[in-house]
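# Results of the structural survey
In case you want the letters, here they are:
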Amino acid sequence: MVLSYISEKVIKIVFSRTNERRVVITQDRNGQYRVRAEYWCLSDFEYIGEEYWAQDDRFTTITDTIETAQKLAKEALYEPPEAEFTP
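The structure displayed is predicted, hence computed values, not measured ones.

## Some details on the pattern of salt bridges
- Throughout the structure, instances matching the rule amount to five salt bridges.
- Salt-bridge contacts for Glu38 lead to Arg22; the nearest nitrogen and oxygen are separated by 2.6 Å. Of the two residues, Glu38 sits in strand β3 (residues 33–41) while Arg22 sits in strand β2 (residues 21–28), which places them 16 residues apart along the sequence. Across this residue pair, the class does not change: Glu38 and Arg22 are buried.
- Note that Asp56 is salt-bridged to Arg58, the shortest N-O span being 3.1 Å.

Structure representation (structure tokens):
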């Protein structure tokens, strides 16, 4: 499964320390930046035979500046030492 960003330009992809999560910053035709959190999905491997990036519906946002988009991306990837990520 491939996530599609139709009509959007991928500006930056930022990965978590473990590379199990990432944030994709895209820009649409109107100049708005979209910030989407994704996770590396293994849960369907036994059914479809592949792993893929899946959108984390808990974090998707739109902003008008790249600076704000980068700040939001960093916040989305913040992992307190005791926290565990579960999709």
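## Re the confidence of the model for the protein chain
- Looking at the protein chain as a whole, the pLDDT averages 83, with 85% of positions reaching at least 70.
- Confidence, expressed as mean pLDDT per element, reaches its minimum in the protein chain at helix α1 (residues 45–48) with 75 and its maximum at β2 with 94.

## Describing unusual backbone geometry
- A positive phi angle is found at Asn19, which is not glycine, with a value near 65°.
- You can call Asn19 partly exposed: its relative accessible area is 48%.

## As for the nonpolar core
- In terms of nonpolar packing, the biggest core is built from ten residues, these being Val23, Ile25, Tyr33, Val35, Ala37, Ala69, Leu72, Ala73, Ala76 and Leu77.
- Residue assignment for this core shows that the elements contributing at least two residues are β2, β3 and α2 (66–77).
- Of the residues forming this core, the biggest block, five residues, is contributed by α2.
- In this structure, Ala37 is in contact with Arg22, Val23, Ala54, Gln55, Asp56 and Phe59, ignoring residues within four places of it in sequence.

## Some points on the sheet that holds β2
- Taken together, the four strands give an open sheet; going across it, the order is β1-β2-β3-β4, and neighbouring strands pair in antiparallel fashion. Each having just a single partner strand, β1 (8–15) and β4 (52–63) make up the two edges of the open sheet. If you compare each strand with its neighbour and ignore which way they point, the axes differ by 25° on average.
- Inspection of the sheet shows β1 paired to β2 by seven bridges, in the antiparallel sense. By the bridge assignment, Lys12 is partnered in β2 with Ile25.
- Sheet strands in contact with α2 are β1, β2, β3 and β4, and its direction is about 160° off that of β2.

Cut-offs used in this document
Residues numbered from 1 in each chain as written. Predicted model: local features only at pLDDT ≥ 70, side-chain atom pairs only at ≥ 80, totals over all residues. Heavy atoms only, no water. Salt bridge = Lys/Arg side-chain N within 4 Å of Asp/Glu carboxyl O. Helix = DSSP H or I, 4+ residues; strand = E, 2+ residues; numbered from the N terminus. Buried < 20%, exposed > 50% of the residue type's maximum accessible area, 1.4 Å probe, protein only. pLDDT = per-residue confidence, 0-100. Core = buried A, V, L, I, M, F, W, Y, C linked by side-chain atoms within 4.5 Å. Contact = heavy atoms within 4.5 Å. Pairing = 2+ DSSP bridges. Axes fitted to C-alpha atoms, helices over the stretch in contact; angles between N-to-C directions.

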